[in-house]
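Read off the chains here:
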Amino acid sequence: MPTSFNQRIIDEFRSGGGKVGGPFEGEDLLLLTTTGARSGAEHTVPLGYVRDGAHLLVVASAGGAPRHPAWYHNLLAHPLVRVEIGTEVFAARAVPAEGARRDRLFAQVVRTAPGYADYQSRTARTLPVVVLGRPQADTAEGSRAVPTLADKLIEVHTGLREQVRALRVEAEAHVAERAAHRGPGAPPAPGLGLQLRRHCLEFCAWLEFHHTSEDTHVFPSLARHHPRLRGVLDRLGDEHRTVARIQGELLALLDGIDTAEPALFLATLDDLSHRLGAHLDHEEESLLPALAEIPFPPV
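Predicted model only: the values in this text are computed from it and were never measured. (Residues numbered from 1 in each chain as written. Predicted model: local features only at pLDDT ≥ 70, side-chain atom pairs only at ≥ 80, totals over all residues. Heavy atoms only, no water.)

Description of the overall build of the protein chain
Here comes step 1: Secondary structure summary: the protein chain contains eight helices and nine strands in total.
Here comes step 2: Looking at the 299 residues of the protein chain, the share that counts as buried comes to 42%. (Helix = DSSP H or I, 4+ residues; strand = E, 2+ residues; numbered from the N terminus. Buried < 20%, exposed > 50% of the residue type's maximum accessible area, 1.4 Å probe, protein only.)

Have a look at this one:
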């Protein structure tokens, strides 16, 4: 079976350390691997990209075709993707920009790669701009060392803060999608509402596991070895219960995310973000000196 055009580019990209010849020579090119929305199989495509600070921007142009490319539908259903740039490979979260943010980012892309304006002129659909971002704990220099329990706590907290920020972006995108929808019925599946619901559930499960581990194992051990911290640990346990209550309110709203009042959902998410941020700050201020004495993994 003949090798497809895309597959030839992919093979050349990987064998040449991210460099290709022909029409894409010298271009900023990445490989994006998504999970099939229906099949669940991995699909890799070469795409041009533009940098936006620490993030990468890709446009679902399909050369100005009337329909979105398959990879865009895939990442709506499965937003965790794999990115290859040069010889670097990393996991990323794909979030479509919406509303004014999409327009601003598209204009930024066009300033760097004017061909996308031509693609937009060929089709009636609005070309999606997708933001590819990776967790802050995973930097270009590699994952930070975790020699102590204090370092592990910082790593976990960094991931939690990043997830909350990503949820806020997705919530705004969902609200914008609902506001822009015209005609009868709900926006087409899978839609950003389904994506947001899944990410909220993943985040809440992760946060619950983290707090349960602290309440069950970490805090009792610290109280035994550092009695002076018992008052602080009791207060942190109370904060866990407050955060859990707000989580419950958020999860209740998720049951009807496509019909929920946007202002109420965003307010609840903001409340969770504020309470969790204050809790993480307090926990770090109170516990890091003691945790820095404990190697990780604990002996």
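On we go from here.
Details of unusual backbone geometry
Here comes step 1: The backbone of Ala-62 sits at a positive phi, close to 50 degrees, despite the residue not being glycine.
Here comes step 2: Here Ala-62 lies in the loop between strand S4 (55–59) and helix H2 (70–77).

Topic: the environment of Arg-125
Here comes step 1: Here Arg-125 shows up in the loop between helix H4 (115–121) and strand S7 (129–133).
Here comes step 2: Overall, Arg-125 belongs to the buried group, its relative accessible area being 11%.
Here comes step 3: One polar contact links Arg-125 to His-68, side chain to side chain, over a distance of 2.8 Å. (Polar contact = N/O pair within 3.5 Å; in protein donor to acceptor, adjacent residues only side chain to side chain.)

Focus: the environment of Ile-294
Here comes step 1: By the secondary structure assignment, Ile-294 is in the segment after helix H8 (262–291).
Here comes step 2: Here the alpha-carbon distance between Ile-294 and Leu-149, two residues 145 residues apart in the chain, equals 5.7 Å.
Here comes step 3: When residues no more than four places from it in sequence are discounted, the contact partners of Ile-294 are Thr-148, Leu-149 and Leu-222. (Contact = heavy atoms within 4.5 Å.)

Side note on H2
Think of an α-helix as 3.6 residues a turn; residues three or four steps apart then line up on the same face.
Here comes step 1: The element H2 is extensively covered by neighbouring structure, given that six of its eight residues are classed as buried.
Here comes step 2: By the burial criterion, the buried members of H2 are Trp-71, Tyr-72, Asn-74, Leu-75, Leu-76 and Ala-77.

Some points on the pattern of salt bridges
Side chains that differ in sign of charge can pair as their charged atoms come close.
Here comes step 1: Applying the stated rule across the entire model yields eleven salt bridges.
Here comes step 2: Notably, a salt bridge pairs Glu-249 with Arg-245, separated by 3.0 Å at the nearest N-O pair. With Glu-249 and Arg-245 both in helix H7 (residues 230–254) and four residues apart, this pair spans about one turn of that helix. (Salt bridge = Lys/Arg side-chain N within 4 Å of Asp/Glu carboxyl O.)

With respect to the sheet that holds strand S1 (residues 29–35)
Here comes step 1: The seven strands are arranged S2-S1-S5-S6-S7-S4-S3 in an open sheet whose pairing can be described as antiparallel. The open sheet has two edge strands, strand S2 (42–48) and strand S3 (50–52), and neither has a second partner. Across this sheet, the average inter-strand angle for adjacent strands is 35 degrees, counted without regard to direction. (Pairing = 2+ DSSP bridges. Axes fitted to C-alpha atoms, helices over the stretch in contact; angles between N-to-C directions.)

Section: the side chain of Thr-268
Here comes step 1: Among the secondary structure elements, Thr-268 is positioned in helix H8.
Here comes step 2: On the basis of relative accessible area, Thr-268 is assigned to the buried category, the value being 9%.
Here comes step 3: Residues within four places of Thr-268 in sequence aside, it is in contact with Ile-246, Glu-249, Leu-250 and Leu-253.

Considering helix H3 (residues 99–112)
Here comes step 1: The terminal C-alpha atoms of H3 lie 21 Å apart, and with 14 residues this matches the ideal 20 Å at 1.5 Å per residue to within 8%.
Here comes step 2: Along H3, the residues classified as buried are Arg-102, Leu-105, Phe-106, Gln-108, Val-109 and Val-110.
Here comes step 3: On its buried face, H3 is in contact with S3, S4, H4 and S7. (Expected span 1.5 Å × (residues − 1).)

What about the nonpolar core?
Here comes step 1: Ranked by size, the top nonpolar core spans 21 residues in total, and within it Cys-200, Phe-203, Phe-265 and Leu-276 carry the most contacts.
Here comes step 2: For this core, the elements supplying multiple residues, two or more each, are helix H5 (149–180), helix H6 (191–225), H7 and H8.
Here comes step 3: The element contributing the most residues to this core is H8, with six residues.
Here comes step 4: Core analysis: the next-biggest nonpolar cluster, separate from the first, contains 20 residues, Val-45, Tyr-49, Ala-60 and Tyr-72 among them. (Core = buried A, V, L, I, M, F, W, Y, C linked by side-chain atoms within 4.5 Å.)

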